Amino acid sequence: HKSSTRAKVIVNFVNEFLAQKPFSTPKAYEHYVEEMNKVNADRAVKRKSLLNTLLGKQKALETREQKLKDFMIEEASAEFRDNFKGDLLKTHEELKKVTEAIGETKALGESQKTATLLLPEFLELMEKMAQTVATTKNMKQLYFCIKKLFSNFSVDRKNVVNATLSEPFATLHGAKILLGAP
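Small disclaimer: the values here were computed from a predicted structure and weren't measured.

The rules behind the values
- Residues numbered from 1 in each chain as written.
- Predicted model: local features only at pLDDT ≥ 70, side-chain atom pairs only at ≥ 80, totals over all residues.
- Heavy atoms only, no water.
- Phe/Tyr/Trp six-rings, centres within 6.5 Å; stacked < 30°, edge-to-face > 60°.
- Helix = DSSP H or I, 4+ residues; strand = E, 2+ residues; numbered from the N terminus.
- Buried < 20%, exposed > 50% of the residue type's maximum accessible area, 1.4 Å probe, protein only.
- Salt bridge = Lys/Arg side-chain N within 4 Å of Asp/Glu carboxyl O.
- Core = buried A, V, L, I, M, F, W, Y, C linked by side-chain atoms within 4.5 Å.

Visitor: What should I look at first to understand the packing of aromatic side chains in this one?
Guide: One pair of aromatic rings is described through two measures. These are the centre distance and the angle between the planes. Applying the stated criterion across every chain, the model contains nine aromatic pairs. Ring centres 5.5 Å apart and planes at 70° place the aromatic pair F17 and F150 in the edge-to-face group. Here F150 lies in strand 1 (residues 150–155) and F17 lies in helix 1 (residues 2–19), a separation of 133 residues in the sequence. Note on F17: relative accessible area 6%, which makes it buried. Put simply, the rings of F13, F17, F150 and F153 pair up and form one aromatic cluster.

Listed below in structure tokens is the structure:
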């Protein structure tokens, strides 16, 4: 009984908080754009690093493959050449896989870039958040939504005394700790 009362108090607090449209401001949008630019830049750096690693591996495998081919051409003993045939085939297969991975990484380059919402889209999304929380009846979905917004609540008998927003909402709102609901 206590946990259901506490859950109701928290849900009411979240609904009241979101009804104020705390994230529907141009300043929140500016912060969102900055964060999206950082995310895209970070992904580009990671992608470039991965690509450089794969290119280095490709070069090493090409060199190894060529040395094995040269060795097999120069080696007079058929028995000795046969011993290295497996190494050559294994190296060739690895080279094919790395070359495919390079192609995939290059192709992902622009497709992994996350599109930044325009101001009207951002405001619409932030306003729909309140509707989603207010109309969700499934407790698991409601818990998921609230947990994305808030990391902690302090509840007395019938009120939320204070609540801590999760990132990035804390930064969007401008403060980590909110005043309690009436």
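Visitor: Help me out: how do you make sense of the pattern of salt bridges in this one?
Guide: For side chains bearing opposite charge, pairing can occur when the charged atoms are close. Enumeration over the complete set of coordinates arrives at four salt bridges. A salt bridge links K38 to E35, with the shortest nitrogen-to-oxygen separation between them at 3.5 Å. With a gap of three residues between them, K38 and E35 both fall in helix 2 (residues 26–74), about one helical turn apart. Residue K38 is classed as exposed on the basis of its relative accessible area, which comes to 52%. Overall, the relative accessible area of 28% leaves E35 in the partly exposed class. The salt bridge involving K96 is made with E93; its shortest N-O contact spans 3.6 Å. Here K96 pairs with E93, and both are found in helix 3 (residues 78–111), just three residues apart, close to one helical turn. Note on K96: relative accessible area 40%, which makes it partly exposed.

Visitor: Can you walk me through the nonpolar core in this structure?
Guide: Most often, soluble globular proteins keep nonpolar side chains buried together rather than apart. In this structure, V14, L18, F23, I146, L149, F150 and F153 are the most contacted members of the largest nonpolar core, which totals 28 residues. Listing elements by their share of this core, those giving two or more residues are helix 1, helix 2, helix 4 (119–135), helix 5 (139–149), strand 1, strand 2 (160–165) and helix 6 (169–173). It is helix 1 that contributes the most residues to this core, seven residues altogether. Counting residues in hydrophobic clusters, the runner-up holds six residues, among them L54, L95, V98 and I102.

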